[in-house]
Amino acid sequence: MTSLRDRLRADTAPWHERVDRAYTTLDLRQAADLGTFLAAQLSVLLAIRCRPGSHAEAAEALRTHMVTALRADLHHLDRAPALPRQARRFDATSVLYILLGSGLGTRVLHRRWLEATDPAVKGAGSYLGLASPLDAWRALCGELLQRPPQGAEADRVVGDACLLFDLHLGALSALDPAAQGEPYAA
């Protein structure tokens, strides 16, 4: 590995795959599954706190924006938001990496959600319709390409990114034990 970006991609791949597999058990065209998805996302975001440092301001601004959209969608679905998991502090670069990366994944989910026919589901598109800040993702990846893959800081960034994926798995399984089952087939 030649950069922190390479290490993040390689070392978090197993966590990323587990999270993707867990979330694909949900059919976002169905109100109950969409509500579970949104509640899990909100639970995770409410539990995240950034440690001071590089990217803390950008990560917190993005997190707050996402929380606002999630709350609006859950309100529209008349679903009480899940309680947040216990708040934890994470490296802000890890938080920004996960949040920006999730925005890319949300684009795929958004396309599936667009197929919904239920008016309640169609009206709960604030979160899935958020515009992914591609310039911010490219800038972060460019910066990570310049950073070394080894050392205490790199270990902390990668370790916290893995813990953030675990937070997603825990939140989803608390709301939907079936999320460990077979992926939803479109």
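Since the structure is predicted, the reported quantities are computational estimates derived from the model, not experimental observations.

Participant: For this particular structure, what's the right way to read helix α2 (residues 31-47)?
Facilitator: An α-helical turn contains 3.6 residues, so a residue and the one three or four places further along point in the same direction. An ideal rise of 1.5 Å per residue puts 24 Å on 17 residues; α2 measures up with 24 Å between its terminal C-alpha atoms. When you tally the buried positions in α2, you get 14 out of 17 residues, the bulk of the element.

Participant: I tried to follow helix α1 (residues 4-23) on my own but got confused; where do I start?
Facilitator: For α1, which comprises 20 residues, the first-to-last C-alpha distance of 27 Å matches the rise-based estimate of 28 Å (1.5 Å per residue) to within 8%. Largest kink in α1: about 55°, centred on A13, with the proline P14 one to four residues after it. By the burial criterion, the buried members of α1 are L4, R5, R7, L8, T12, V19, A22 and Y23. Here the buried face of α1 lies against α2, α4 (92-113), α6 (134-145) and α7 (152-175). Where α1 begins, the side chain of S3 points an oxygen toward the backbone nitrogen of R5, at a separation of 3.3 Å.

Participant: In this structure, what is going on with the layout of surface pockets? I would like to understand it.
Facilitator: Over the atoms rolls a probe the size of a water molecule, and in doing so it shows where empty space is left. In this structure, the largest pocket occupies an estimated 550 Å³ of space. Contributing to the lining of the largest pocket are 25 residues, with H16, D20, G101, S102 and G105 lying nearest its centre. Those elements that provide at least two residues to the lining of the largest pocket are α1, α2, α4 and α7. Of the residues forming the lining of the largest pocket, the biggest block, ten residues, is contributed by α4. Among the residues making up the lining of the largest pocket, the classes are represented as twelve nonpolar, nine polar and four charged.

Participant: Would you explain the pattern of salt bridges in this entry?
Facilitator: Side chains carrying opposite charge are able to pair once their charged atoms draw close together. Counted by the stated rule, this structure contains ten salt bridges. The closest approach of N and O atoms between E115 and R29, which form a salt bridge, is 2.8 Å. With a gap of 86 residues between them, E115 in the loop between α4 and α5 (119-122) and R29 in the loop between α1 and α2 connect regions that are remote in the sequence. When its relative accessible area of 17% is taken as the criterion, R29 is described as buried. Among the ionic contacts, a cluster of salt bridges with common partners joins R7, D11 and D155.

Participant: Mind showing me how you'd approach unusual backbone geometry here?
Facilitator: A negative phi angle characterises most non-glycine residues, just as the trans form characterises most peptide bonds. For H55, which is not a glycine, the phi torsion comes out positive at approximately 80°. For H55, the location among the structural elements is in the loop between β1 (48-50) and α3 (56-76). For D78, which is not glycine, the phi dihedral falls at a positive 55°. Topologically, D78 is positioned in the loop between α3 and β2 (88-90).

Participant: How should I be thinking about the packing of aromatic side chains in this particular structure?
Facilitator: Centre distance and the angle of the planes are the two values used to describe a pair of aromatic rings. Scanning the entire structure with this criterion turns up three aromatic pairs. The interplanar angle of 80° and the centroid separation of 5.4 Å between the aromatic rings of Y23 and F37 together place this pair among those described as edge-to-face. With a gap of 14 residues between them, Y23 in helix α1 and F37 in helix α2 connect regions that are remote in the sequence. In this structure, Y23 and F37 share a single accessibility class: buried. Between F37 and Y127, the aromatic rings sit 6.2 Å apart at their centres with planes inclined by 55°, giving tilted as the arrangement. Taken as a pair, F37 in helix α2 and Y127 in the loop between α5 and α6 lie far apart in primary sequence, 90 residues in all. Pair check on accessibility: F37 and Y127 agree, each one buried. Through a chain of ring-to-ring contacts, the aromatic side chains of Y23, F37 and Y127 assemble into a single cluster. In this structure, R18 packs its charged tip against the face of W15, placed 5.2 Å from the ring centre. Above the ring of W113, the side-chain terminus of K122 is found at 5.9 Å from the ring centroid.

What counts as what
- Residues numbered from 1 in each chain as written.
- Predicted model: local features only at pLDDT ≥ 70, side-chain atom pairs only at ≥ 80, totals over all residues.
- Heavy atoms only, no water.
- Helix = DSSP H or I, 4+ residues; strand = E, 2+ residues; numbered from the N terminus.
- Expected span 1.5 Å × (residues − 1).
- Buried < 20%, exposed > 50% of the residue type's maximum accessible area, 1.4 Å probe, protein only.
- Bend = angle between axes of the 7 residues up to and from the residue.
- Contact = heavy atoms within 4.5 Å.
- Polar contact = N/O pair within 3.5 Å; in protein donor to acceptor, adjacent residues only side chain to side chain.
- 1 Å grid on protein atoms, 1.4 Å probe; cavity = no way out; pocket = protein on both sides within 12 Å on 5 of 7 lines; lining within 4 Å.
- Points joined across faces, edges and corners; volume = space filled by probe spheres on them.
- Nonpolar A, V, L, I, M, F, W, Y, C, P; charged D, E, K, R; others polar.
- Salt bridge = Lys/Arg side-chain N within 4 Å of Asp/Glu carboxyl O.
- Phe/Tyr/Trp six-rings, centres within 6.5 Å; stacked < 30°, edge-to-face > 60°.
- Lys NZ or Arg CZ within 6 Å of the ring centre and 35° of its normal.

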